[in-house]
Amino acid sequence: MNPVGVAQPDQAYVAPISVEGVVEALAAGGRVIAGGTDLVVSARRDGTPLPEWLVDITRVEALRATETADGGGLRLGPLARHQDLAGDPTIRAHYTALADASAIVGSPATRWVGTIGGNVMSASPGAATIGPLLCFDAIASLASTTGTRTLPVADLLIGPSRTSARDDELLTAFDLAPVADGSGSCYVRLGFRRQMEGALAGAAVLVRLMDGAISDARVAITGVAPTIRRVMEAEAELIGSTGDEDAIEAAAAAAQAASQPADDFRASAAYRAEMASVVCQRVIRAAIARATGTHVRIPASLELLGAAPQQVDR
């Protein structure tokens, strides 16, 4: 047992410089480490032993890039740090919900080393960046010694802290769909603390306005179900509406109905379910406001709930 997360003498460590080198190490039984924020926390909190073989991927520059993809979408390397995503001009302007989320992951120290790949592959029901990725129809690429496969990020999530990726597969990229003109997005997380807080309830929303009506919508709920998920029923309540209060309340009610919260030491299931509706209403209004060009600060949680880090919009 290694409760403090210190490597033992019989544990191996390798740091390949290529994707090929990483997948070869994974095929031999290694386990990926990048920022290490989740791995170390688990070791210290739960006494979870560190793997016998750590595969450090931080030297693989191909996994770090954030770039505009062919067709106008966005490709994110799994080593993109939360701090960099929160400040990236393209993400702030077009994928704003992802900037909202990246700006409130953990603490400033966590955001300095933590990566979007690690946040997603932790598969936490309250992970900040997953909801926005679902709203942006993100596709994950996984590589192994046998080839590469792609799948929607939603299909990666099969349970709390569980993904459908095999042990020998490396996450190599997220591909986000282009964001259409007239769109606005937002992510908000409700928590009791301003740093290092999991989501009691959260929501990510993307809407597109055309001719005064919502022509498309994405709604994802976080922290109130075993996995982060889109709520199609909430989206249907918004599409075709003007974004009026009746539509917003109906969408929020659908999100609440889709939640499956559990009691824990921080909040009751009943409280989480009620907050799913409250948070969803506020996030929808903020996404609509952004779609119309109204400024809502990043991260939106501070303005909408008073529950984000004291960080000024840059």
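Remember, predicted model here, so these are calculated numbers, not experimental data. (Residues numbered from 1 in each chain as written. Predicted model: local features only at pLDDT ≥ 70, side-chain atom pairs only at ≥ 80, totals over all residues. Heavy atoms only, no water.)

With that settled, consider the sheet that holds strand β6 (residues 139-144). Read across the sheet, 5 strands follow the order β4-β5-β10-β6-β7 without closing on themselves; strand pairing throughout is antiparallel. Edge strands, defined here as strands with exactly one partner in the open sheet, are β4 (66-68) and β7 (147-152). Along the sheet, successive strands turn relative to each other by an average axial angle of 20 degrees, direction set aside. Both β4 and strand β5 (residues 74-76) contribute to a ladder of 3 bridges, which runs antiparallel. Along β5, the bridge assignment pairs T68 with L74. Against the sheet, helix α1 (residues 19-27) touches β6 and β10 (170-176), its axis set at about 130 degrees to β10. (Pairing = 2+ DSSP bridges. Helix = DSSP H or I, 4+ residues; strand = E, 2+ residues; numbered from the N terminus. Axes fitted to C-alpha atoms, helices over the stretch in contact; angles between N-to-C directions. Contact = heavy atoms within 4.5 Å.)

The next point concerns the sheet that holds strand β12 (residues 201-210). Within the open sheet, the 4 strands sit side by side as β11-β12-β13-β14. Their pairing is antiparallel. Taken across any chain shown, the strands that pair with only one partner, and hence form the sheet edges, are β11 (183-190) and β14 (229-230). Pairing geometry for β11 and β12, over 8 bridges, is antiparallel. Paired with R189 across the bridge in β12 is G202.

Geometrically, the link from I298 to P299 is a cis peptide bond, its omega value of 0 degrees lying close to zero. You can see P299 is positioned in the loop between α12 (269-291) and α13 (300-305). We note that S161 has phi near 60 degrees; this positive angle belongs to a residue other than glycine. Tracing the chain through its elements places S161 in the loop between β8 (157-159) and β9 (162-163).

Turning to α1, a few remarks are in order. Of the residues making up α1, those classed as buried are V19, V22, V23, A25 and L26. Relative to the axis of α1, the buried residues are bounded by an arc of 160 degrees and lie together on one face. Facing away from the buried side of α1 by over 90 degrees, the exposed positions are E20 and E24. Contact partners of the buried residues in α1: β1 (12-14), β2 (31-33), β3 (53-56), β6 and β10. Immediately beyond the C-terminal end of α1, within one or two residues, lies G29, with a positive phi of roughly 110 degrees. (Buried < 20%, exposed > 50% of the residue type's maximum accessible area, 1.4 Å probe, protein only. Arc of directions from axis to C-beta.)

This paragraph deals with α12. Between its first and last C-alpha atoms α12 spans 33 Å; for 23 residues at 1.5 Å apiece the expected length is 33 Å, and the two agree. The element α12 is extensively covered by neighbouring structure, given that 17 of its 23 residues are classed as buried. At the exit of α12 stands G293, carrying a positive phi of roughly 95 degrees. (Expected span 1.5 Å × (residues − 1).)

Once that is clear, we can look at the packing of aromatic side chains. Considering all chains together, one arrives at 1 aromatic pair under this definition. Across from the ring centre of W112, 4.5 Å away, lies the NZ or CZ of R81, which sits over that ring. (Phe/Tyr/Trp six-rings, centres within 6.5 Å; stacked < 30°, edge-to-face > 60°. Lys NZ or Arg CZ within 6 Å of the ring centre and 35° of its normal.)

L76, I116, F174 and L176 are the most contacted members of the largest nonpolar core, which totals 39 residues. Those residues in contact with L76 that lie beyond four places of it in its chain are A65, T66, L85, I91, L98, I116, A173, F174 and L176. Residues V207, A251, A254 and V279 belong to the second largest nonpolar core, which totals 34 residues. (Core = buried A, V, L, I, M, F, W, Y, C linked by side-chain atoms within 4.5 Å.)

For the protein chain, per-residue confidence averages 88 on the pLDDT scale, and 88% of positions sit at 70 or higher. When the criterion is pLDDT under 50, residues 1-9 qualifies, and its contacts beyond four places in sequence or with other chains add up to 17 contacts. (pLDDT = per-residue confidence, 0-100.)

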